[in-house]
Amino acid sequence: MMSSTQAPIASSELANLWMAYQERTMILRITEHFLEHAEEEGKQLLQTLSNNATKNIETISNILHQEGAVIPNGFTESDVRKSVPRLFDFYYDIMYLHMMTKVEMNLYALFTGMSYRKDIKDFFISLTAEALALNGEATQFLLEKGILVRPPYVTMPQEVNFVKNQEYMGGLNWFSDKRVLNTVEVSLIHHAIETNLVGMKLMMGFAQVSTNKEVQAYFVDGMKLSKKIEVKLGEFLRDIYIEPPATHSGRATTSKTAPFSEKLMMYNTSLLTSFGLGSNALGGAFSLRSDLPATMAVLMKDIYDFAQSGGKIMIKNGWMEEPPQMEDRDQLTK
């Protein structure tokens, strides 16, 4: 319970709790479908994810209740269908878990830095720790199964060097040689391709089972956008004779029966699109070879346009739950 001397939650803390409730309830619903069809070896990871989400949702609900705030709708049992054919196979459920815990690590670390009340900061620290732990377990699981592709190896540096020439930042001039990518740039490209491969397969599955033609077309666009990102960024690796990451596992089945509501599938896509925008911005910011940030900027525009289209579809169909609003002082003083 909140002590009598404890400060009320601030606007940023309310926003973060609201966003966490949306993400945690979505994860719980998706995990329900995965658990129904999971291979025995990966089932414990999915069960841990489900248990964590259930506990987190209860904590958020208790905090909001104590503060006199309404509990968001989020995603409920009506957003998942039981006893339908599996939508993905070959350990896609663990690949999805691996991808989403990456999103959560970033999201909840950000929320931790935006929280000021100790109990809420501690809560987001625990969410970050849970995501880190699960991501580590999923990484080892996928590596052992030969599903996850490690980033390329490199000869260890033997001396410290400093950049001495402005040409280090070149890349857009077709008539000059481009320097080889550095390890920071390769790591960001590898991460972006790996994430988009998992996202592309998610869009395939969602497109197959969507019954709303506009939504289905949107998922197909998402599929094509993920492929475009993989191809464009993969060219940077192929130019230095490195094959981009790929995996034989985790494909959509031939099922045409939706295990999830259109609302849930659209929200999941929106969340991953937001993460994609952030990842591309990070990739552009940490690269000094001018052609890579230029490519990232073009892809960011495509991702942003895709996100905007998705938002319009969600609003049109009444699927976008509105975050808590600040007081409208102009309206209140009329």
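Summary of the structure given here.

Definitions and cut-offs
- Residues numbered from 1 in each chain as written.
- Predicted model: local features only at pLDDT ≥ 70, side-chain atom pairs only at ≥ 80, totals over all residues.
- Heavy atoms only, no water.
- Helix = DSSP H or I, 4+ residues; strand = E, 2+ residues; numbered from the N terminus.
- Contact = heavy atoms within 4.5 Å.
- Buried < 20%, exposed > 50% of the residue type's maximum accessible area, 1.4 Å probe, protein only.
- Core = buried A, V, L, I, M, F, W, Y, C linked by side-chain atoms within 4.5 Å.
- Axes fitted to C-alpha atoms, helices over the stretch in contact; angles between N-to-C directions.
- Parallel < 35°, antiparallel > 145°, perpendicular 65-115°, else oblique.
- Left-handed = near helix turned anticlockwise from the far one by under 90°.
- Nonpolar A, V, L, I, M, F, W, Y, C, P; charged D, E, K, R; others polar.
- Phe/Tyr/Trp six-rings, centres within 6.5 Å; stacked < 30°, edge-to-face > 60°.
- Lys NZ or Arg CZ within 6 Å of the ring centre and 35° of its normal.
- Expected span 1.5 Å × (residues − 1).
- Salt bridge = Lys/Arg side-chain N within 4 Å of Asp/Glu carboxyl O.

What to know about the overall build of the protein
Helices and strands together make up the secondary structure of the protein, namely 9 helices and 0 strands. Each helix (α) and strand (β) of the protein, taken in turn from the N terminus, gives the series α-α-α-α-α-α-α-α-α. Overall, the C-alpha framework of the protein stretches about 65 × 50 × 40 Å when taken along its three principal axes. The long-range share in the protein, meaning contacts at least 24 apart out of those at least 6 apart in sequence, stands at 85%.

Observations regarding the environment of Leu-49
Topologically, Leu-49 is positioned in helix 2 (residues 43-66). The buried category is assigned to Leu-49, whose relative accessible area is 5%. Sequence spacing of Leu-49 and Thr-31 is 18 residues, and the spatial spacing of their C-alpha atoms is 7.6 Å.

A look at the nonpolar core
By size, the foremost hydrophobic cluster in this structure holds 85 residues, and its most contacted members are Leu-17, Met-26, Tyr-96, Met-100, Phe-124, Phe-219 and Leu-233. For this core, the secondary structure elements donating two or more residues are helix 1 (11-37), helix 2, helix 3 (92-113), helix 4 (118-144), helix 5 (183-209), helix 6 (213-238), helix 7 (262-285) and helix 8 (291-316). Top element by residues in this core is helix 5. It accounts for 12 residues. In contact with Leu-233, other than residues within four places in its own chain, are Ile-189, Ala-192, Ile-193, Leu-292, Thr-295, Met-296 and Leu-299.

Some thoughts on the packing of helix 2 against helix 3
Taken N-terminus to C-terminus, the directions of helix 2 and helix 3 make an angle of 45 degrees; their axes are 10 Å apart at the nearest point. In terms of axis orientation, helix 2 runs oblique to helix 3. Our pair here, helix 2 against helix 3, has a crossing hand that is left-handed. Counting all contacts with helix 2, which are made through Leu-45, Leu-46 and Leu-49, the residues of helix 3 involved are Asp-93, Ile-94 and Leu-97. Grouping the amino acids of the contact of helix 2 with helix 3 by side-chain chemistry returns 5 nonpolar, no polar and 1 charged.

Concerning the environment of Asn-52
Here Asn-52 lies in helix 2. Asn-52 sits in the buried class, given a relative accessible area of 13%. Aside from chain neighbours lying at most four places away, what touches Asn-52 is Arg-24, Glu-130 and Leu-134.

Here's the deal with the packing of aromatic side chains
Counted by the stated rule, this structure contains 13 aromatic pairs. Between Tyr-91 and Phe-141, the ring centres sit 5.4 Å apart and the planes meet at 70 degrees, which makes this aromatic pair edge-to-face. Placement of Tyr-91 in the loop between helix 2 and helix 3 and of Phe-141 in helix 4 is noted, with a sequence separation of 50 residues between them. Accessibility classification places Tyr-91 together with Phe-141 in one group, the buried group. Ring centres of Tyr-218 and Phe-306 lie 4.1 Å apart, and the angle between their planes is 5 degrees; this geometry places the pair in the stacked category. With Tyr-218 in helix 6 and Phe-306 in helix 8, this residue pair connects regions lying 88 residues apart in the sequence. Take Tyr-218: its relative accessible area is 4%, and that puts it in the buried class. Accessibility expressed as a relative area gives 11% for Phe-306, which makes it buried. Ring pairs connect the aromatic residues Phe-206, Tyr-218, Phe-219, Phe-260 and Phe-306, which therefore count as one cluster. Between the NZ or CZ atom of Lys-263 and the centre of the ring of Phe-75, over which it lies, the distance is 4.9 Å.

Thoughts on helix 2
For an α-helix, the turn length of 3.6 residues means that residues three or four places apart are oriented alike. Here helix 2 contains 24 residues, and its C-alpha end-to-end distance of 35 Å stays within 8% of the 34 Å for a straight helix at 1.5 Å per residue. Every buried residue belonging to helix 2 is among Leu-45, Leu-46, Leu-49, Ser-50, Asn-52, Ala-53, Asn-56, Ile-57, Ile-60, Ser-61, Ile-63 and Leu-64, and all of these are buried. Summarising the contacts, the buried residues of helix 2 are in contact with helix 1, helix 3 and helix 4. Of the residues one or two after helix 2, Gly-68 is the one with positive phi, at around 80 degrees.

Digging into the pattern of salt bridges
This model, assessed by the stated rule, comprises 18 salt bridges. For Arg-251, the salt bridge identified is with Asp-89, shortest N-O distance 3.7 Å. Of the two residues, Arg-251 sits in the loop between helix 6 and helix 7 while Asp-89 sits in the loop between helix 2 and helix 3, which places them 162 residues apart along the sequence. Here Arg-251 falls in the partly exposed class, since its relative accessible area comes to 48%. We note a salt bridge from Asp-122 to Lys-118, for which the minimum N-O separation is 2.7 Å. Residue Asp-122 and its partner Lys-118 are both found in helix 4; the two are separated by 4 residues, about one turn of the helix. The exposure class of Asp-122 is partly exposed, given its relative accessible area of 35%. Among the residues examined, Lys-118 registers a relative accessible area of 61% and is labelled exposed. Among the charged side chains, a network of salt bridges with common partners joins Glu-23, Arg-24 and Glu-104.

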